[in-house]
Amino acid sequence: MRFGVVVFPGTWSDCDFHYVVSEVLHQPVRYVWHRERELGQLDCVILPGGFSYGDYLRAGAVAGRSPVVEALRDFVGRGGLVLGSCNGFQILCEAGLLPGVLTRNECLQYRCQSTHLVVENVDTPFTRGLRAGQVLTMPISHGEGKYYADAETLARLKQQNLIVFRYASADGKVTKASNPNGSLDNIAGIVNPEGTVLGMMPHPERASETAMGGTDGLLMFQSLLGSLVEDGTFLKR
Amino acid sequence: MTGAQPKVTLDLALDAGLTAEEYDRILSQLGREPTYAELGLFSALWSEHCAYKHSRVFLARLPQRGPHVLQGPGENAGVIDIGDGWAVVFKIESHNHPSFIEPFQGAATGVGGILRDIFTMGARPIAILDSLRFGELDNPKTLRLVNGVVSGISWYGNCFGCPTVGGEIAFAPEYAGNPLVNVMCVGLVRADQIVRARADGPGNPVFYVGNKTGRDGIHGATMASATFDEHAEERRPTVQVGDPFTEKLLLEACLEVMRTGAVVGIQDMGAAGLACCTSEMPARSGTGMDVELSRVPQRETGMTPYEILLSESQERMLLVAARGREEEVRRIFAKWELEAVEIGRVTEGGELTARLNGEVVARVPVDLLAEAPTYRKPTTEPSELAERRAFDPLTLPEPSDYGDALIDLLGSPTIASKEWAFRQYDQQVGINTVVLPGSDAAVLRVKGTRRALAVSTDGNGRQVFLDPRQGAAMAVCEAARNVCCSGAEPRGVTDCMNFGSPERPEILWQFSEAIEGISLACRALELPVVGGNVSFYNETSGQAILPTPIIGVVGVLDDASRRATQWFKGPGHRVALLGPASVSLGGSEYLWARHRRLAGRLASLDLEAERRVQRAVRAAVSAGLVTAAHDCSEGGVAVALAESCVTGCAVMGCEATLVTADRTDLALFGEGPSRVVIAVEAARVREFEGLMAESAISWRWIGTTGGERLVIRVGPKVVVDVDAGQLGRAWRSGFEAHMA
Amino acid sequence: MKVRVLVRLKPGIMDVQGAAVQRALVGLGFSEIADLRIGKVIDIELDEARPGEARTRVGEMCGQLLANPLLEEYSMEILTDLAPRGVAG
């Protein structure tokens, strides 16, 4: 499976994703510069974490209007897979590839901590190796991760089963105490109706090795690799 | 705007911070009166901040060499070889005064400055540690300072993308008017790809890269310039503002351009900005430099040569490229959307020539600028010190309940959990941090090898105040011991010396004694000091801070998987206390927190015993015999045991028996150097005992982990019997409750 | 009484936010931008009918909290309507 990791000015999880894909998953991967418009050879594009353009205007606002994100629309239209984590999720929302918006954490402070996520939707290429209700442990690291959408959008997300991850307690209960940033309905990650574009605030790349204290993030990548084989859409490389 | 410069007089030189003797020396060396811009160069480069005028003679006593040293002091940062072709670049620096004036931007730009020092050496920064000191938390002003400093560090480090993995925060009234913000940064570089701040090769082009220049942070002397201008108000030096986004672009652009081999040398425009770079870089190389100031990208209009040379605008570098490779440099900086403007050339002849639109505004030998006069001012032991030391803490009443006393101590802001601050810092970006903040040392793996780095900072102002020489030596020992507790071998030291005014003999005595102590400890532990920083004048209305040397130590683990953390991992593990029995309540956290006394004598320090304890701990951890190792320092063995009980994911109880001392509080809370608490699984006890026997140190089994309570006996008598959960709550809320 | 406060960075203080946004707009083709600076708008409703008094009080708010005197300056205007202005351009 061919991965691309997008680099915007100010991106910092690019190296981490690149490392996990190449050194842990042993899959081909290349960096994609934010001015590139050609994504044809890739199977999955990763929008990593960071502060693209400093996030000085709104998180993800400037990057959401960059050439590579314009090219992503086409890529998604052709069935390509997109994983946006942290700043990547913010960019996907700013670009309109996912609904809603990520706003300042309710505590008004940056939060770097371990969180538990309950898996709500296993009918996506990113989660099909997981069980519904399974609890994953992954860190977050952001100042603007409070998901917000209007009532209509939220109803649609629920009705179409587009909420993939919600912040939960260690035993999988969705509680106020387990919500680290005040996200609407504890939403940590959502997907588009086709299931091909996933946005999430937590960092799967930071939970992909035992040396880093956990491998729950790897389960998502393994789902991805497995799904491609099962679908026969792509040949595993 | 005009190139016309005010005439320089002795009065102006005095206003600019030079002494009459220094001004005479300039006159005789130049053989003429300096121009106004030249006066600016001297005032900046001969300032205490740049020239270490009062400290240099003392700093020369520090050991700077060692088998692993690739670069000692005198460069942007020091470099130590760690094997496998990798080297670690590290340095600590203060940003105390700016942080007091504007806590958020002051702390943020402090982080920015030290990051640049690391990546100008060609290294990618992988870790930040912050050593912070504030007044006590009952003052709303202090709360605002803490909030501002922590959020400034958080903003800059997080946005830039370097994890904050350690450091300490401590509180004492002496820091109320002068908080300390010391930032240490650690980076990794291939040992054969280190870049230095040199200007070799006459004819090579000199590039200005990064943000535009404004009137930010032009100090002292600039105020004098206002008298020559009707727009005095607009000319006021402005607060420096940090731009972590541009800094991140600078990092990537610099590392990329360095990989091409087109870079001869590079230096951060930090203190004294362009003036410092254009004189220090050629001075290191025996060359000169000729620069055209009108080409310097400017954010404001009407800037004078003086202002352009002395501006401290952030996120700027001076880069010397190899002739003929100018286009490569421009292309890479353009790719990262940064300015790279050729402003001049390296020259022969050892002079700095600065021009404005072709007209020479300054021409000075670089050696004269770079070699400021040094002083050895008188030192005197403070007269009241003998009396303070003579105080016997054992004349104070004992607590009626030692369990309560322990809970109070664990919840005192200095000892309590700093989770409130650390959760605002990204601790993991780069996926290297294998031991997160919260243990004695943070541990970062070195990808592609089996190795890891362990890093820690330490510094106890109260101990240094009571005994500067031994207190400073103990700071070195403690930082190194922290690193050893993780299983690593300490390899190098960086020091940040925070003191009051060196013009007061009592303060200079503290400084001189502290340097001697650091020097003694470093020699005994075979640790080179490869870089650091001196921050004087930390005083307000004659009230100086506690003398506070902050020591940063970097160590190497050959096998990253053979490491230890400070918290107990399970029940039934035997607990040992390594190290000498000598303890004292003098200068202890207990004496301050409970009795508000800063007095008494420190327990004696035996550097040979320290060295042996450190070696024994490392040996035990690397042999895989240890399930927890924790340095025993502030709060004594009772606090060390309590911390091992409560600082992990799950709380674990423990029963321990201490030998009787003169008094129970001394046994529990007395502090002494060279002590470590260690836990060993029952099955490995024999092996551990064998290893300790070989190590020739004093040590004893003191207890066993398990249950839900911390029970401590002194002799036969139970003196502490507390629910570990309650201890945990006190520890977790002690600092955070103030910040909520 | 309704008062609109505009807090801006003082001239000469580096506006990192403005510079980054300017760069981004130039990248999108708005190359005619010569300078761009970003400030904050704070709308305040007071129980105070006298404009002079309202100005004094809001001035105190700015001095004590709303603006950082080291970095920022402020101006204010008395409003009859607090809705966002000039949307249609």
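This is a predicted model, so every value here is computed, not measured. (Residues numbered from 1 in each chain as written. Chains lettered and ligands numbered in written order. Predicted model: local features only at pLDDT ≥ 70, side-chain atom pairs only at ≥ 80, totals over all residues. Heavy atoms only, no water.)

Draft legend 1. Broad picture of the overall build of chain A. The helix and strand inventory of chain A stands at five helices and eleven strands. For 237 residues, the compact-globule estimate of 2.2 N^0.38 gives 18 Å, and chain A sits close to it at 16 Å. In chain A, which comprises 237 residues, the share counted as buried stands at 63%. Sequence-distant contacts, at least 24 apart, represent 76% of the contacts inside chain A between residues at least 6 apart. Surface accessibility of chain A: about 8600 Å² in total, with carbon and sulfur atoms responsible for 49%. Averaging the locations of the 21 positively and 24 negatively charged side chains of chain A gives two centres separated by 2 Å. (Helix = DSSP H or I, 4+ residues; strand = E, 2+ residues; numbered from the N terminus. Rg over C-alpha atoms; globule rule 2.2 N^0.38 Å. Buried < 20%, exposed > 50% of the residue type's maximum accessible area, 1.4 Å probe, protein only. Contact = heavy atoms within 4.5 Å. Areas by Shrake-Rupley, 256 points an atom, 1.4 Å probe, with all protein chains shown as cover. Lys, Arg positive; Asp, Glu negative; His and termini not counted. Charge placed at Lys NZ, Arg CZ, Asp CG, Glu CD.)

Draft legend 2. View of the interface of chain A and chain B. Contacts between chain A and chain B engage 26 residues on the former and 30 residues on the latter. Of the roughly 2400 Å² buried between chain A and chain B on both sides combined, carbon and sulfur atoms contribute 58%. Area buried by chain A at its contact with chain B is led by Y56(A), C112(A) and M212(A), which between them contribute 24% of it. Counting across the interface, chain A meets chain B through three salt bridges. At the boundary of chain A and chain B, one finds eleven residue pairs in polar contact (both at pLDDT 80 or more). Every element with two or more residues in the side of chain A that touches chain B is listed here: α1 (14–24), β6 (111–119) and β7 (135–142) of chain A. For the side of chain A that touches chain B, the element with the highest residue contribution is α1(A), accounting for three residues. Class assignment of the residues belonging to the side of chain A that touches chain B gives a composition of 14 nonpolar, six polar and six charged. (Buried area = accessible area lost by both parts, 1.4 Å probe. Salt bridge = Lys/Arg side-chain N within 4 Å of Asp/Glu carboxyl O. Polar contact = N/O pair within 3.5 Å; in protein donor to acceptor, adjacent residues only side chain to side chain. Nonpolar A, V, L, I, M, F, W, Y, C, P; charged D, E, K, R; others polar.)

Draft legend 3. The pairing of strand β24 (residues 654–658) of chain B, seen in detail. Residue and element names in this part refer to chain B. Alternating residues of β24 divide into C654, A656 and L658, all buried, and E655 and T657, none buried. Bridging between β24 and strand β27 (residues 709–714) involves five bridges; their strand directions are parallel. Within β27, the residue paired with C654 across the bridge is L710. (Pairing = 2+ DSSP bridges.)

Draft legend 4. Main features of the packing of helix α16 (residues 402–410) of chain B against helix α26 (residues 724–739) of chain B. All names here are of chain B. Where α16 contacts α26, the two axes come as close as 7 Å, and the packing angle between them is 35°. Here L406, I407 and L410 of α16 lie close against α26, whose contacting residues are Q726, L727, A730 and W731. A class-by-class count of the residues in the contact of α16 with α26 yields six nonpolar, one polar and no charged. (Axes fitted to C-alpha atoms, helices over the stretch in contact; angles between N-to-C directions.)

Draft legend 5. A look at the interface of chain C and chain A. Taken residue by residue, the interface counts seven residues in chain C and five residues in chain A. For the chain C and chain A pair, buried surface summed over both sides reaches about 500 Å², with 79% attributable to carbon and sulfur atoms. Linking chain C with chain A are zero salt bridges. On inspection of chain C and its partner chain A, the count reaches one residue pair in polar contact (both at pLDDT 80 or more). Across the side of chain C that touches chain A, the residue classes tally to six nonpolar, one polar and no charged.

Draft legend 6. Molecular detail of the nonpolar core. Core analysis: the biggest nonpolar cluster contains 187 residues, and F3(A), F165(A), F221(A), F333(B) and F511(B) have the highest contact counts within it. With 53 residues, the next largest nonpolar core counts V8(B), A37(B), Y208(B) and V346(B) among its residues. (Core = buried A, V, L, I, M, F, W, Y, C linked by side-chain atoms within 4.5 Å.)

Draft legend 7. Structural context of the pairing of strand β3 (residues 44–47) of chain A. Residue and element names in this part refer to chain A. Along β3, one buried face is formed by C44 and I46 and the opposite face, lined by V45 and L47, is buried too. With three bridges joining them, strand β1 (residues 3–7) and β3 adopt parallel strand pairing. Paired with F3 across the two strands is C44, which belongs to β3. When β3 meets strand β4 (residues 81–85), the two strands line up parallel, connected through four bridges. Residue pairing for β4: V45 is matched across the bridge by V82. Where the polypeptide runs from β3 across helix α2 (residues 67–77) and back to β4, its parallel neighbour, the crossover connection is right-handed. (Right-handed = clockwise from strand over helix to strand, strands pointing away.)

Draft legend 8. Broad picture of helix α25 (residues 685–695) of chain B. All names here are of chain B. Of all the positions in α25, only V685, F688, L691, M692 and S695 are classed as buried. Taken down its axis, α25 places every buried residue within 125° of arc, on the same side. Counted as exposed and oriented over 90 degrees from the buried face of α25: R686, A693 and E694. Each element contacted by the buried residues of α25 is listed here: β22 (574–578), α22 (607–622), β25 (676–680) and β26 (699–705). After α25 finishes, the residue A696 shows a positive phi value of roughly 55°. (Arc of directions from axis to C-beta.)

Draft legend 9. Broad picture of the environment of V89(B). All names here are of chain B. Mapped onto the secondary structure, V89 falls in strand β3 (residues 86–94). Taking the C-alpha atoms as reference points, V89 and N76, 13 residues apart in sequence, are found 9.5 Å from one another. In this structure V89 touches A77, G78, V79, I118, M121, A123, C185, V186, G187 and V189, once residues within four positions along its chain are discounted.

Draft legend 10. The packing of helix α19 (residues 468–485) of chain B against α22(B), seen in detail. Residue and element names in this part refer to chain B. It is the contact of α19 with α22, at a shortest axis distance of 8 Å, that shows an interaxial angle of 15°. Taken together, the axis directions place α19 and α22 in an arrangement best described as roughly parallel. In terms of crossing hand, the pair formed by α19 and α22 is left-handed. Contact residues: C477, A480, R481, C484 and C485 in α19; L607, E610, Q614, V617, R618 and V621 in α22. Split into classes, the residues belonging to the contact of α19 with α22 amount to seven nonpolar, one polar and three charged. (Parallel < 35°, antiparallel > 145°, perpendicular 65-115°, else oblique. Left-handed = near helix turned anticlockwise from the far one by under 90°.)

Draft legend 11. Fine view of the pattern of salt bridges. Following the criterion strictly, the structure yields 65 salt bridges over all chains and no others. When the shortest N-O distance is used, the salt bridge between R445(B) and E209(A) registers 2.8 Å. Of the two residues, R445(B) is situated in strand β15 (residues 442–445) and E209(A) in the loop between β11 (197–200) and α5 (216–231); the pairing between them involves two chains. Linked through salt bridges whose partners overlap, the residues forming this network are R215(B), D216(B), R299(B), E300(B) and E307(B).

Draft legend 12. Region of interest: the sheet that holds strand β16 (residues 452–458) of chain B. All names here are of chain B. Here we have six strands laid out as an open sheet, ordered β14-β15-β16-β21-β17-β18, and mixed in their pairing. The sheet is open, and its two edges are formed by β14 (433–435) and β18 (529–535), each paired on a single side. Taking the axes of each pair of neighbouring strands and ignoring which way they run, one obtains an average angle of 25° across the sheet. Pairing analysis gives two bridges linking β14 to β15, with the strands arranged antiparallel. Bridged to T433 within β15 is L444. Along the sheet, helix α20 (residues 505–525) makes contact with β17 (489–498), β18 and β21 (548–557), crossing β17 at roughly 180°.

Draft legend 13. Focus on the side chain of H95(B). Residue and element names in this part refer to chain B. Its place among the elements puts H95 in the loop between β3 and α6 (96–101). There is a polar contact of 2.7 Å between the side chain of H95 and the backbone oxygen of G106. Residues contacting H95, with those up to four places away along its chain left out, are G106, T109, G110 and V181.

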